[in-house]
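Chain by chain, the residues:
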Amino acid sequence: MKKMKKLIATLVGGLMMAMPILATPLFSQAKTVKGDFGNWTYYDYATDSTSDSGIPVSVTVNTSDEDFEFWDYFYYDYWDEDVWAAAYPDADPEELAYYKGHWSCEFCIVAYDYFEVGDTVVVQLPFSGSLTEYDLDDSEYWNVAFSSNSITFTCVESCDEIDMWVMYSKGSAEEDQFWFIPMKTQLNIAAEIASTSGKEAVAEVSGNFALSYEIMKWLEDHPNVTLKYNLTYKEKDYNIVIKGGQKLANPEIPWYGPEYLIGKFAK
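Residues numbered from 1 in each chain as written. Predicted model: local features only at pLDDT ≥ 70, side-chain atom pairs only at ≥ 80, totals over all residues. Heavy atoms only, no water.

## So, the environment of Leu136
Reasoning step 1: Tracing the chain through its elements places Leu136 in strand S8 (residues 129–136).
Reasoning step 2: For the pair formed by Leu136 and Val166, sequence separation is 30 residues and the distance between their alpha carbons is 8.3 Å.
Reasoning step 3: For Leu136, the residues in contact, after removing those within four places along its chain, are Trp142, Val144, Phe153, Ile162, Asp163 and Met164. (Helix = DSSP H or I, 4+ residues; strand = E, 2+ residues; numbered from the N terminus. Contact = heavy atoms within 4.5 Å.)

Structural data, given as structure tokens:
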């Protein structure tokens, strides 16, 4: 089951997860190659626009080719199907029912030369859930294995790219944004300390991702908690300090990217 929005996402494509997953090498001489592709691009059908999600694209290749290189053209897009459904309520009812409650994404990974037989490629997804459907171009070149938040490709015939569209059913809100779990844990600990002591408490976390509306709204609602976020962005480290209790969250802004955080909260 396809729809035109997949084609739209391809045209508006841009350049996750903060913790890359390394596949087990299949060769004694294998080397690991990590891609540096920027962030996932989030497409919002409600506003018909794309934005930088702040979630780093993580792609890892294990290969026996000592000269392997990624090429310099890629696209990595993802979208929330519930946002699409809300934006197009008059769409076919069957289609609406099918796509609601899902995440989708599309990506293209290109080798400068070739992926060789036995090479493995691990792509970390910007969400978590369970596989519903996928479309892999030139599928005869790859064996594919899916986890809740990553896809592992094993090359069975030499080729130079992976081009996939995939749809996952949504997990819980926490599963969908699993990279926030350490931050949420520290914020909750700080909130408990502040509640018990009646004094300000600090939650300190490191990462390289944008902050969501949910995180900013939580801080807005907890005046005795301060978030110290050690943010790594473009190979530089920034000390982001966000004091709770002030106006921080805008319902029309789902993500607060690194450049916004640095400009407003860097110390």
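## Some words on the confidence of the model for the protein chain
Reasoning step 1: Residues of the protein chain with pLDDT of at least 70 account for 85%, and the chain-wide mean is 81.
Reasoning step 2: Per-element mean pLDDT across the protein chain ranges from 37 in helix H1 (residues 4–11) up to 94 in strand S11 (residues 159–170).
Reasoning step 3: Every residue in residues 1–29 scores below 50 in pLDDT, and together they form 93 contacts with partners more than four places removed in sequence or on other chains. (pLDDT = per-residue confidence, 0-100.)

## Some remarks on a negative patch on the surface
Reasoning step 1: On the surface, a cluster of negative charge is contributed by Glu66, Asp67, Glu69, Asp113, Asp137, Asp138, Glu140, Glu157 and Asp160.
Reasoning step 2: Locating Asp67 in the fold gives a position in the loop between strand S4 (58–63) and strand S5 (75–80). (Patch = residues over 30% accessible without salt bridge, like charges linked within 9 Å, V, L, I, M, F, W, Y side chains within 5 Å. Areas by Shrake-Rupley, 256 points an atom, 1.4 Å probe, with all protein chains shown as cover. Salt bridge = Lys/Arg side-chain N within 4 Å of Asp/Glu carboxyl O. Lys, Arg positive; Asp, Glu negative; His and termini not counted. Charge placed at Lys NZ, Arg CZ, Asp CG, Glu CD.)

## Here we look at the sheet that holds strand S10 (residues 150–155)
Reasoning step 1: Across the sheet, 5 strands lie side by side as S1-S4-S7-S10-S9; this open sheet has antiparallel pairing. Of all the strands in the sheet, just strand S1 (31–34) and strand S9 (142–146) have a single pairing partner and so form its edges. Recorded for the sheet is a direction-independent mean angle of 20 degrees between the axes of neighbouring strands.
Reasoning step 2: Two elements, S9 and S10, share 5 bridges in a ladder whose sense is antiparallel. From the neighbouring strand, Asn143 faces S10, where its bridge partner is Thr154. (Pairing = 2+ DSSP bridges. Axes fitted to C-alpha atoms, helices over the stretch in contact; angles between N-to-C directions.)

## Topic: helix H6 (residues 213–220)
Reasoning step 1: Those residues of H6 that sit buried are Ile215, Met216, Trp218, Leu219 and Glu220.
Reasoning step 2: In this fold, the buried residues of H6 make contact with helix H5 (181–197), strand S13 (211–212), strand S14 (225–233), strand S15 (236–243), strand S16 (255–256) and helix H7 (258–265). (Buried < 20%, exposed > 50% of the residue type's maximum accessible area, 1.4 Å probe, protein only.)

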